[in-house]
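Examining the three-dimensional arrangement
Next come the chains, spelled out residue by residue.
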Amino acid sequence: AHKRSPQVLGHAVMSASLVGREVLVWLQGLDLSYAIKNPKRDICNAWLVAEMFSRYYPHDIRMEAYDNGLSMEVRANNWEFLYKFFLKKRIPIGKEDFDAVMHCAEGAAEALIRKCYAILTKRNAPKLQAGGGYNDQEQPAYARATASTKLRNNEIARVPDDLDRTIRAVMTLERHEVELARNRRADVSRILQTSRTNNVADLFPVTQAPTSQDVLPSEVREVKVKTLQADVAGLETAHEVKRTIQPRQMRKCAVAALDVHAPSTPGPGYAGKTATEIMKTVVTPILQENDTVMKSMDPRKDIVTSFLELAAARSAGVTDALSARVFDAMGTKATQLAEGMLKMPKEFYKVWNGVFPLLGTYSETSPGFHSIVQLLCKLGRHMKESDGPTTHQIFGDVAMGSLSSLLVSSPGKRETLSEVLYAFCQDTTSQHLSVLRGLKEHVEDLPDYICCLASLIALEARMSLLDENPGPGSMLDLYVYYSLIALQNPQPKVRVAGLSILNEICQAPAGMSVPPNRVDAMLSTIPALVDLASDTWWEVQAQLIQLSCRVLRAVPDAVIDEHSEIHRPVARLVPVIQKLLSPSASHNVLQIGLCSLVHVLIELPALLSDLGRVFLAALLAQPVRMRRRLLSPVPEEERNVAYVMGTASRIYEEVCLPDHWPAGPLFLSLGDHVHTAGLTRLGPQHFEVLEILFRDGIEIVDTNAFVEAYERMRGPIIFGLIDADVHHRAVALVLQIWTHPNTVFAEECLNVSKSVFGQILRTIYGDNQELNLVREADFLEFLSLACDQSPAVAAALRERVARFRTENGLEYSRSSLGNIFLTFARLVGWTTVIFLARFSKSA
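Residues numbered from 1 in each chain as written. Predicted model: local features only at pLDDT ≥ 70, side-chain atom pairs only at ≥ 80, totals over all residues. Heavy atoms only, no water.

**Regarding the overall build of the chain**
Secondary structure summary: the chain contains 46 helices and two strands in total. Across the 843 residues of the chain, 47% fall into the buried class. At a minimum sequence separation of 6, the contacts of the chain that also span at least 24 residues come to 70%. (Helix = DSSP H or I, 4+ residues; strand = E, 2+ residues; numbered from the N terminus. Buried < 20%, exposed > 50% of the residue type's maximum accessible area, 1.4 Å probe, protein only. Contact = heavy atoms within 4.5 Å.)

**Here's the deal with the packing of aromatic side chains**
What the rule picks out here adds up to 23 aromatic pairs. Ring pairs connect the aromatic residues Phe348, Trp352, Phe356, Phe395 and Phe424, which therefore count as one cluster. (Phe/Tyr/Trp six-rings, centres within 6.5 Å; stacked < 30°, edge-to-face > 60°.)

**Topic: the nonpolar core**
Counting residues in each nonpolar core, the largest one holds 204 residues, and the members touching the most others are Tyr479, Phe615, Trp661, Phe779 and Phe782. Discounting chain neighbours no more than four positions away, the residues touching Phe615 are Leu594, Leu597, Val598, Leu601, Leu657, Trp661 and Leu666. Grouped together as the second largest cluster of nonpolar side chains are 40 residues, Ile36, Tyr66, Ala100 and Cys116 included. (Core = buried A, V, L, I, M, F, W, Y, C linked by side-chain atoms within 4.5 Å.)

**Focus on the packing of helix H26 (residues 446-462) against helix H27 (residues 475-487)**
In the contact formed by H26 and H27, the axes pass within 10 Å of each other and the chain directions differ by 140°. It follows from the interaxial angle that H26 and H27 lie oblique. Relative to H27, the crossing made by H26 is left-handed. Facing Leu446, Tyr449, Ile450, Leu453, Leu456, Ile457 and Glu460 of H26, the residues of H27 in contact are Met475, Tyr479, Tyr482, Ile485 and Ala486. Split into classes, the residues belonging to the contact of H26 with H27 amount to eleven nonpolar, no polar and one charged. (Axes fitted to C-alpha atoms, helices over the stretch in contact; angles between N-to-C directions. Parallel < 35°, antiparallel > 145°, perpendicular 65-115°, else oblique. Left-handed = near helix turned anticlockwise from the far one by under 90°. Nonpolar A, V, L, I, M, F, W, Y, C, P; charged D, E, K, R; others polar.)

**Some thoughts on the side chain of Ser404**
Examined against the element boundaries, Ser404 turns out to sit in helix H23 (residues 400-409). Assessed through its relative accessible area of 2%, Ser404 is described here as buried.

**A closer look at the environment of Leu403**
The residue Leu403 is located in helix H23 in this model. C-alpha separation for the pair Leu403 and Phe356, spaced 47 residues apart in sequence, amounts to 8.2 Å. When near neighbours in sequence (up to four residues on either side) are disregarded, Leu403 contacts Trp352, Phe356, Phe395, Leu417, Val420 and Leu421.

**A word on the pattern of salt bridges**
By the definition in use, this model includes 27 salt bridges. For the salt bridge of Glu106 with Lys40, the shortest nitrogen-to-oxygen distance reads 3.2 Å. With a gap of 66 residues between them, Glu106 in the loop between helix H6 (95-102) and helix H7 (108-121) and Lys40 in helix H3 (residues 39-42) connect regions that are remote in the sequence. Judged by its relative accessible area of 71%, Glu106 is exposed. Residue classification places Lys40 among the partly exposed positions, given a relative accessible area of 29%. With a closest N to O distance of 2.4 Å, Arg681 and Asp723 form a salt bridge. Taken together, the residues Arg681 in the loop between helix H37 (663-677) and helix H38 (684-695) and Asp723 in the loop between helix H39 (703-719) and helix H40 (727-738) connect sequence positions 42 residues apart. We classify Arg681 as partly exposed; its relative accessible area is 41%. (Salt bridge = Lys/Arg side-chain N within 4 Å of Asp/Glu carboxyl O.)

**Some thoughts on unusual backbone geometry**
In this structure, Asp31 is a non-glycine residue whose phi angle is positive, near 55°. You can see Asp31 is positioned in the loop between helix H2 (21-29) and H3. Given the relative accessible area of 60%, Asp31 is considered exposed. In the Ramachandran plot, Ser464 falls in the positive-phi region, its phi being about 60° despite a non-glycine side chain. Mapped onto the elements of the fold, Ser464 is located in the loop between H26 and H27. Look at Ser464 and you get partly exposed, because its relative accessible area is 41%.

**Comments concerning the environment of His370**
Tracing the backbone through its elements, the reader meets His370 in helix H21 (residues 367-386). As for His370 and Leu417, which are separated by 47 residues in sequence, their C-alpha atoms are 9.8 Å apart. When sequence neighbours within four positions are dropped, the list of residues in contact with His370 reads Glu364 and Thr365.

**Notes on helix H16 (residues 303-312)**
Judged by how many residues are buried, H16 sits mostly within the fold: eight of ten residues are covered. Residues of H16 that are buried include every one of Ile303, Val304, Ser306, Phe307, Leu308, Glu309, Leu310 and Ala311, and no others. Where H16 begins, the side chain of Asp302 points an oxygen toward the backbone nitrogen of Val304, at a separation of 3.1 Å. Two residues or fewer after H16 comes Arg314, characterised by a positive phi angle close to 55°. (Polar contact = N/O pair within 3.5 Å; in protein donor to acceptor, adjacent residues only side chain to side chain.)

**Some thoughts on the confidence of the model for the chain**
Of all residues in the chain, 81% attain a pLDDT of 70 or more, and the chain-wide mean is 80. Across residues 131-135, where pLDDT falls below 50, the model places two contacts with residues more than four positions away in sequence or in other chains. (pLDDT = per-residue confidence, 0-100.)

**What to know about H39**
In a regular helix each residue adds 1.5 Å, so 17 residues correspond to 24 Å; H39 covers 24 Å between its end C-alpha atoms and thus fits that length. The largest bend in H39 is about 55°, located at Met713, with the proline Pro716 one to four residues further on. Among all positions in H39, only Phe706, Val707, Ala709, Tyr710, Met713, Pro716, Ile717, Ile718 and Phe719 are buried. At its buried positions, H39 is contacted by H37, H38, H40 and helix H41 (743-764). (Expected span 1.5 Å × (residues − 1). Bend = angle between axes of the 7 residues up to and from the residue.)

**Considering the packing of helix H35 (residues 608-621) against H37**
Remark: H35 packs on H37, axes separated minimally by 9 Å, with the N-to-C direction vectors making an angle of 70°. Comparing their axes, H37 and H35 come out roughly perpendicular. Between H35 and H37, the residues in contact are Leu608, Gly612, Arg613, Phe615, Leu616, Ala617 and Leu620 and Pro665, Leu666, Ser669, Leu670, Asp672, His673 and Thr676, respectively. Residues belonging to the contact of H35 with H37 are distributed by class as follows: eight nonpolar, four polar and two charged.

**Concerning the side chain of Gln591**
Along the chain, Gln591 falls in helix H34 (residues 587-603). For Gln591, the side chain forms a polar contact with the main-chain oxygen of Met626, separated by 3.0 Å. Side chain to side chain, Gln591 and Glu654 meet in a polar contact 3.3 Å long.

**Structural notes on the state of the cysteines**
Disulfide: a covalent bond formed between the sulfur atoms of two cysteine residues. Under the criterion given, the structure shown has zero disulfides. The cysteine Cys656 is free of any disulfide, with Cys595 supplying the nearest cysteine sulfur at 9.8 Å. (Disulfide = S-S within 2.5 Å.)

This is the structure in structure tokens:
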């Protein structure tokens, strides 16, 4: 790059009228490397700006880090390096300030110098006095800038976005046309004034008519007219069509096309205020409360535009709370703004380009972000209520491109931004399909498009658009098509997106069943779902379990019958659930699967034999913290859980399992599980589940079946009474069973427990040092508590203790079981004790 050579401050310096005398004196006192003669050229590479700040921050800015060249690459590197310094020191100079300087925009360099003066000296820059010379109106017509000259402005040429660049060019031409009209009016008055001062005789001299002698004879030929052998009417029609269409073809966007009908400036067609003027009335009082923000405002721009630039640059003083207040205030004027934007689409372009960049700046949890979304949604609703087709066209041409890019680049904001996307179109299937086609044109990558669809389908379902016009080409058909494509994609996130689309389709509306057209669509996807059962990605497994459970619940009860025609496809999902809910699976998968499967168990009892034990095995395999989240009441604000930090995972709903599960059938399934697994001891998780099953009240329908289930678990349950790890849980469970309101069930369970109770007496009082046994005091406390519960329990325990005394006299003598009669006295009364004592004495 071409290098500048340092120069000594010479006599040729820039005029004080450009920046002000005080600012010029300040610059000369800084002793810069060379004089600023042409600000637009001299400070475009940030070298001299860095020198200005190095005089005040000598330890933070090292000039050897900057390159004094003029190439665009050097300029960009210097400004970017200096911008980091501005951010570090919280200096309110943003990219919007130096970007124009870097590209040598007219007046930008002088404005930046004055701003640097105000920041570094803590003094306001003096006001500039109007200088001499001609303005564009005073110049003669031949010296004024033409339309082509203004279109060659580098501020337009450097805009990278084609649509943005076209709109700026259209706006420049509109301003040029307004200036031409103003100049013509001024020229007419000037010409009339000049004509009054001049002599009419001089302007229009009288000449003498020629005589007949001066005129030479001439021959006049006869005019011959040829007949036109063509379709005159057709040519006239073609000419009219060409004259009508040609101007439209020259326009590049809907904004320009709409401006044919809507005036570009307030006039007879529209006498309202501009968007900036409307917002200024509510924004100014809020910003005037903050002195820091007001001092950072760009005096060249209106207060609304300047605030938006400060907010985009995250300048000091512009907090999230302040932004939220400002945008909420703007939302109160949504009706007036919408009216003006429909009549002047250029205003929508200005507002969108000012507000939309903040959606990318703020995080999805920021109050300012949600306030902006609410503002845009209000504008969209008011605009489409007034004129839906025009709103849809304006939004598609101005906003669809930028919003599509943000939807792709910000996965965490997709669900919220989807509301903005649909706020500007009418709630009809045709309009939404048009939006989806427009989105597809802007999102070239198919996986990204499918991920966007996964966020949009929730809004379609909420508006009941999935069920309109069923058949090929419908909204439902489109989503099912792209979901099946997603299931074949090698990227896990795309497969998850496809499954989440199907999950939303299979979700029943509130208080209703799944519509038949959705059920038919889901049945057609079952082969693809079965093929995904071997997928190793945890969230694919979680979504697949959730979807399989919803499909089972969505089909009518008749399909569960083995004689149903569609039983076979539905039955293929049961092995999928059994495979994915293996105890060795990811804890996240088990947690999500349990919350989905519990609804199947209560709604489809016929599947309990196949899925009940799978459900219990998965629940018992969960860690304590995660299992207790499912067994305890879940507060409303804690139900939605993201199992992975960031935007990599979707949100899942956790439910309290005891509020939904069938307690009785699960008790029977747990008996089969313990017996099949051959468990001799139960862990804390088993007792926790059993205790909750009986605590909520099991409805015993078949007593023999429940007694048989208990008999299969009696050994591990009774052994828990002497196991130090589960003693307290075992005591609570045993007492619940032995004193159950169903007396037949309670007595039968007590009878089948006698033999096992004798075994634990021999175990606790024998020589079993390798076992972690409970203390004798705790065991005796259980016997005392049990005897207090029921005479039948007391009699059964006394019988087993007496038998233990007879068969194991040595162990009994070492125990404190002899005091058990004192415990019995609480139940049978002192009369019984005295009778027993007298009977033993007489014997």
